[in-house]
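Secondary and tertiary structure notes
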Amino acid sequence: MNIVIMGCNEIAVNVSEKMANQENKISIIDMHEQNFLIIQETENIKTIIGDGTDSSDLELVNISQSDIFIALEPSDNRNILAAQKVKSLYRVPIILCLISDSKKDGIYRKLGLNVISSTSLISDIVLDSIK
Amino acid sequence: MYVLILGCGTIGYNLASELLASGNEVLVLEPDPVRYSLVVNAFGSIALQADGTKPNTLEKAGVRRADLLIAVTGDDSSNLVGCQVAKLSFNIPKTIALVNNPENESLFKKLGIDVTINQTDVILQDLEDSIPNAEKPSFFEMPLSENSRRKIFRVHVELESNVTGIKVNDIQLPDDTSLLMMMDIRGNTKEIESNTTIDIGDELVFLGNEDSIRVLNNWLTM
């Protein structure tokens, strides 16, 4: 599978290192070169400096040939824009979108995005453990 | 009207100023402290120093009774999300978004933004308006049929054109060329008679070939 990750953070590194192999090729796109310091490029993990909300940069990572798109940047809004653009223009089968504002995640679930809600996930763990 | 404005750059600031002057209630949402102070110092307490794309912020700003949200930040993702949240979560009647990256315009429309303002288009339009007339697209042509050498073409008589005031009879029509139609500045058809005068803003529609187009266009837009 071809997997595109927008935003090079610890989650991106962890997911890439666990998934990358002969079958799964990972491309990570990030606007800031220094964010790539935490990852080692390999035969199966490529890093590309670019704006994942812009079509011409998305085409650099062959977005239309991709099976999975994961938006992991720190900005909810940029993740939402990129996820909706990739869904609407490139019809990538699986799209995941990180949203930290728990009030926003419901809105975008209703619109059909697969939302990863970091705040809800961690809050639930906290609430469960102090029950 | 109660209007929420997201982002207070040059556009947001001037919008706020205009909307207040015409008697509207305005609230500007701007997270940046410097831009926030600019508005407050100029217009009093009509701003919140907060991120207007957040549902909680919008709720505090009274989005439920707002008539319109205008998102004019320099960041397309904020403009999109601000409008979507106001619309989907709070049913605001109307949203307007500035589009910084032209490729986003059609996406924004598809995603439910009521009105999009494409900044690039606006600037191009301004540029076009400021270019001398000869450079303007005052001229339009289309083939009569596919592969035909005969074409229909239209010339718009501009302000500085030196044909204004002359009579139709004085147009030196090249061979194989005819004047089909004339319209005045309001789009009304003008009778073509030998003594009909050509006025500013008229549109002349010809039938001709490649060569006659070139000759007539040079002459009419000089």
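Going by the structure above, here's the rest.
Since this is a predicted model, take the numbers as computed values, not measurements.

1. Some points on the overall build of chain A
When helices and strands are counted, chain A shows 5 helices and 6 strands. The secondary structure elements of chain A, listed N-terminal to C-terminal, are β-α-β-β-α-β-α-β-α-β-α. What you see for chain A is a C-alpha radius of gyration of 15 Å, in line with the 14 Å of a compact globule of 131 residues. In terms of overall dimensions, chain A has C-alpha extents of about 45 × 30 × 25 Å along its principal axes. A sequence separation of at least 24 residues applies to 46% of the contacts in chain A between residues at least 6 apart. Between the mean site of the 12 positive side-chain charges and the mean site of the 18 negative ones, chain A shows a separation of 9 Å.

2. Things to note about the pattern of salt bridges
Counted under the stated rule, the structure contains 16 salt bridges over all chains. Among the salt bridges present, the one from A:Asp105 reaches A:Arg109, with a minimum N-O distance of 3.8 Å. Note that A:Asp105 and A:Arg109 are positioned in helix 4 (residues 102-110) at a spacing of 4 residues, about one turn of the helix. We classify A:Arg109 as partly exposed; its relative accessible area is 43%. The partner of B:Lys87 in a salt bridge is B:Asp114, and the shortest N-O contact between them spans 2.5 Å.

3. Quick notes on the interface of chain A and chain B
Contact residues are listed per partner, giving 17 residues for chain A and 20 residues for chain B. Carbon and sulfur atoms make up 55% of the surface buried where chain A meets chain B, a total of about 1,500 Å² over both sides. On the chain A side of the interface with chain B, the three residues burying the most area are A:Asn77, A:Leu81 and A:Ile107, jointly 32% of the side's total. At the junction of chain A and chain B, the tally comes to 2 salt bridges. Two residues, A:Lys85 and B:Glu103, come together in a salt bridge whose shortest N-O distance is 2.3 Å. Across the chain A-chain B interface, the total number found is 11 residue pairs in polar contact (both at pLDDT 80 or more). Within the residue set of the side of chain A that touches chain B, elements represented by two or more residues are helix 2 (55-60), helix 3 (76-90) and helix 4 of chain A. Sorting elements by how many residues they give to the side of chain A that touches chain B places helix 3 of chain A first, with 7 residues. Within the side of chain A that touches chain B, the residues separate by chemical class into 5 nonpolar, 6 polar and 6 charged.

4. Some words on the nonpolar core
With 46 residues, the main nonpolar core has A:Ile63, A:Phe69, A:Tyr108, B:Leu4, B:Leu58 and B:Leu69 as its most contacted residues. If we skip the residues at most four places from it in the chain, A:Tyr108 touches A:Ile80, A:Gln84, A:Ile99, A:Leu113, A:Val115, B:Val81, B:Gln84 and B:Val85.

5. So, the sheet that holds strand 6 (residues 114-117) of chain A
Residues and elements named next belong to chain A. Read across the open sheet, the 6 strands follow the order 3-2-1-4-5-6; overall the sheet is parallel. A single partner strand is all that each edge strand has here, and the edge strands are strand 3 (45-49) and strand 6. When the angles between neighbouring strand axes are averaged without regard to direction, this sheet yields 20 degrees. In this structure, strand 4 (residues 68-71) lies alongside strand 5 (residues 94-99), joined through 4 bridges in parallel fashion.

Conventions adopted
- Residues numbered from 1 in each chain as written.
- Chains lettered and ligands numbered in written order.
- Predicted model: local features only at pLDDT ≥ 70, side-chain atom pairs only at ≥ 80, totals over all residues.
- Heavy atoms only, no water.
- Helix = DSSP H or I, 4+ residues; strand = E, 2+ residues; numbered from the N terminus.
- Rg over C-alpha atoms; globule rule 2.2 N^0.38 Å.
- Contact = heavy atoms within 4.5 Å.
- Lys, Arg positive; Asp, Glu negative; His and termini not counted.
- Charge placed at Lys NZ, Arg CZ, Asp CG, Glu CD.
- Salt bridge = Lys/Arg side-chain N within 4 Å of Asp/Glu carboxyl O.
- Buried < 20%, exposed > 50% of the residue type's maximum accessible area, 1.4 Å probe, protein only.
- Buried area = accessible area lost by both parts, 1.4 Å probe.
- Polar contact = N/O pair within 3.5 Å; in protein donor to acceptor, adjacent residues only side chain to side chain.
- Nonpolar A, V, L, I, M, F, W, Y, C, P; charged D, E, K, R; others polar.
- Core = buried A, V, L, I, M, F, W, Y, C linked by side-chain atoms within 4.5 Å.
- Pairing = 2+ DSSP bridges.
- Axes fitted to C-alpha atoms, helices over the stretch in contact; angles between N-to-C directions.

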